[in-house]
Structures are given as C-alpha cells and as structure tokens.
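# Topology and contacts: notes
The lines below spell out each chain.
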Amino acid sequence: MPQVLVVDDDPHIRQLLVFALEKAGLSAREAEDGEAALSAVAELAPDLVVLDINMPKLDGLEVCRRLRAKGDLPILFLSSRDDEIDRVLGIELGGDDYVVKPFSPREVVARVQAILRRARASKPAEPAAAALSHGRLTLDGDSWIARWSGVEVPLTVTEFGILKILMSGPARVFSRDAIIDRLHGPGFAITDRTIDSHVRNLRGKFAVLGGHDVVETRAGVGYRLGPCQGQPAPPTT
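Before going into details, it helps to say that this report is about the structure given with it. The structure presented is a predicted model; accordingly, all values stated were derived computationally and were not measured.

### With respect to the packing of aromatic side chains
Applying the stated criterion to the full structure yields two aromatic pairs. Ring centres of Trp148 and Phe206 lie 6.0 Å apart, and the angle between their planes is 70°; this geometry places the pair in the edge-to-face category. One end of the pair, Trp148, is in strand S8 (residues 145–148); the other, Phe206, is in helix H9 (residues 192–207), and 58 residues separate them in sequence. As far as burial versus exposure is concerned, Trp148 and Phe206 are alike and both buried. Above the ring of Trp144, the side-chain terminus of Lys164 is found at 5.6 Å from the ring centroid.

### A look at the nonpolar core
Core analysis: the largest hydrophobic core is formed by 27 residues, its most contacted members being Leu137, Leu163, Ile179 and Phe206. Those elements giving two or more residues to this core turn out to be strand S7 (137–140), S8, helix H7 (157–168), helix H8 (176–184), H9 and strand S12 (222–225). Counting residues per element, this core draws most heavily on H7, at seven residues. Discounting chain neighbours no more than four positions away, the residues touching Leu137 are Leu132, Arg147, Trp148, Leu163, Met167, Phe206, Val214, Leu225 and Cys228. Within the second largest apolar cluster, 22 residues are counted, among which are Val7, Ala37, Val49 and Ile53.

### A word on the environment of Leu16
Secondary-structure assignment places Leu16 in helix H1 (residues 11–23). Leu16 sits 89 residues away from Pro105 along the chain, and the two C-alpha atoms are 7.3 Å apart.

### A closer look at the environment of Ile145
Here Ile145 is to be found in strand S8. If near-sequence neighbours (up to four positions away) are discounted, Ile145 is found in contact with Thr138, Leu139, Asp140, Glu152 and Phe160.

Cut-offs used in this document
- Here the residue numbering is sequential within each chain, running from 1 through the sequence in written order.
- For a predicted model such as this one, the threshold for reporting local features is a pLDDT of at least 70, and the threshold for listing and counting side-chain atom pairs is 80 or more; totals across whole chains, interfaces and linings nevertheless cover every residue.
- As a convention, hydrogens and water are excluded, and side-chain values are obtained from all of the structure's heavy atoms.
- A pair of aromatic rings is counted whenever rings of Phe, Tyr or Trp (Trp by its six-membered ring) have centres within 6.5 Å, and the orientation is called stacked for planes under 30 degrees apart, edge-to-face for over 60 and tilted otherwise.
- Strands are runs of DSSP state E lasting at least 2 residues, helices are runs of H or I lasting at least 4, and numbering of each runs from the N terminus.
- With a 1.4 Å probe rolled over the protein chains alone, any residue whose accessible area is under 20% of its type maximum counts as buried; one over 50% counts as exposed, and the rest are partly exposed.
- Throughout this description, the term charge over a ring refers to an Arg CZ or Lys NZ atom that lies within 6 Å of the ring centre and within 35 degrees of the ring normal.
- The definition of a nonpolar core used throughout is a set of buried Ala, Val, Leu, Ile, Met, Phe, Trp, Tyr and Cys residues joined through side-chain atoms within 4.5 Å.
- Residue contacts are counted whenever heavy atoms from the two residues lie within 4.5 Å of one another.

As structure tokens, then:
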C-alpha cells in the first residue's frame, strides 16, 4: 500500500487529507511543520509527500530543496496563496504538481494517485520498450533513470514522464494539452505554465552536461525532442 506523508501546520487540513487518502485505499501519516517532515521522511520513507508551502520553522520550499538534494521523492505542493510565482518556483525546485487552497480533498487524492501511477508505471514485461535512446540521451524505463552520454541525470517523476512522451515520437510536436493528457489522463486540470516550468527545469539539468538541444520549442504549438547531440547553447542577446 503506497504511503503518503501529509505536511501542514493546520491540524484540520492534515486530518481532512489523511481521512480522504485512507478512504481511497492509501496509507497516510502526518507532520506538523517542515522540521517534522524531514524527520518523518527519514523514518518512514513515504512514496509521496503532500507539502504545504507556508509553514513556520521551515517552509515547504526549503523542505523541497533538502529532499531534492537527496533524491526524487514525489512532492505535491499545497499553497494558501493563488500566487503564480510561488507555484512556478515550487515546480522548478522539483515539485511534481500543486493544489491551491481552498481545495477539494477529492482533487488532492486524484492528483496524488496520478503521481503515484506515474512513479510505478515501469513495465518490465515489455523489455523492448523499456530502454529508449536518441543521440546522447538514454532513458531506462525499468529503473526510471535518464542518462546523457552515460552520465545519470536526476529527474523527478514528472520530468521523466515528459521526456519519455517526447521520445515516444521524436519527430512529433506535442502540444501542452497532449502532454498533460498523457501524464494525467484526459480532463485533468493543470495549467500550461506548469508544463513550461517542468520543461525549463529539464533543460537546465541537461544543459549542465552540455545538453542544450534536448527539448525544442515550436512557438504556438508545443514541444518536441531535440537532436540530443550536445549542440552549444544559443547566443544571448
């Protein structure tokens, strides 16, 4: 049974989400602030963290930074402010999705389940489709590991999922809506800006290794896989 850690300084919200998650067949535990969250992750090794951004002692963004320094544990952000900067920053730090308060517990559960499905979506029964290669880029679908010229690139579940979608049709331009549908299923409510943030984060991780041509933008349409040959970064103006 997947285990979810709910981190929020509001006990009512924690109890509400724990009840909803357990009703949906998930195991849920609580933490009241950022420091308690880090301790709980170390002790419980949960499969996903539902993480409030605005908390005393240690806010959610700092907790995310510390968790991302150690691994790719899936994170769903909760935000009490409808502030695009906060939300985009959260995604760029490595969050997999976000929900703005006030929210429906059913929506949170649906997003948690979608992230967990992606996290366990490897298919060892189809070895021919497990490994994908394009230029210097390789994706191992069984282990969920991305490599650039043999060097492992740490990606979140969502980042890996986007790259896998693009690699499934190297010549195709995928609209943002098409990417969202493949990640979450049709009708899932998520903004284009979220996909843009994930792609920007992807590019940054590969650029460090010289992979400036991993993802190409087609203005007004969407994204496609680049040549992945390690082309130099475009000149700045």
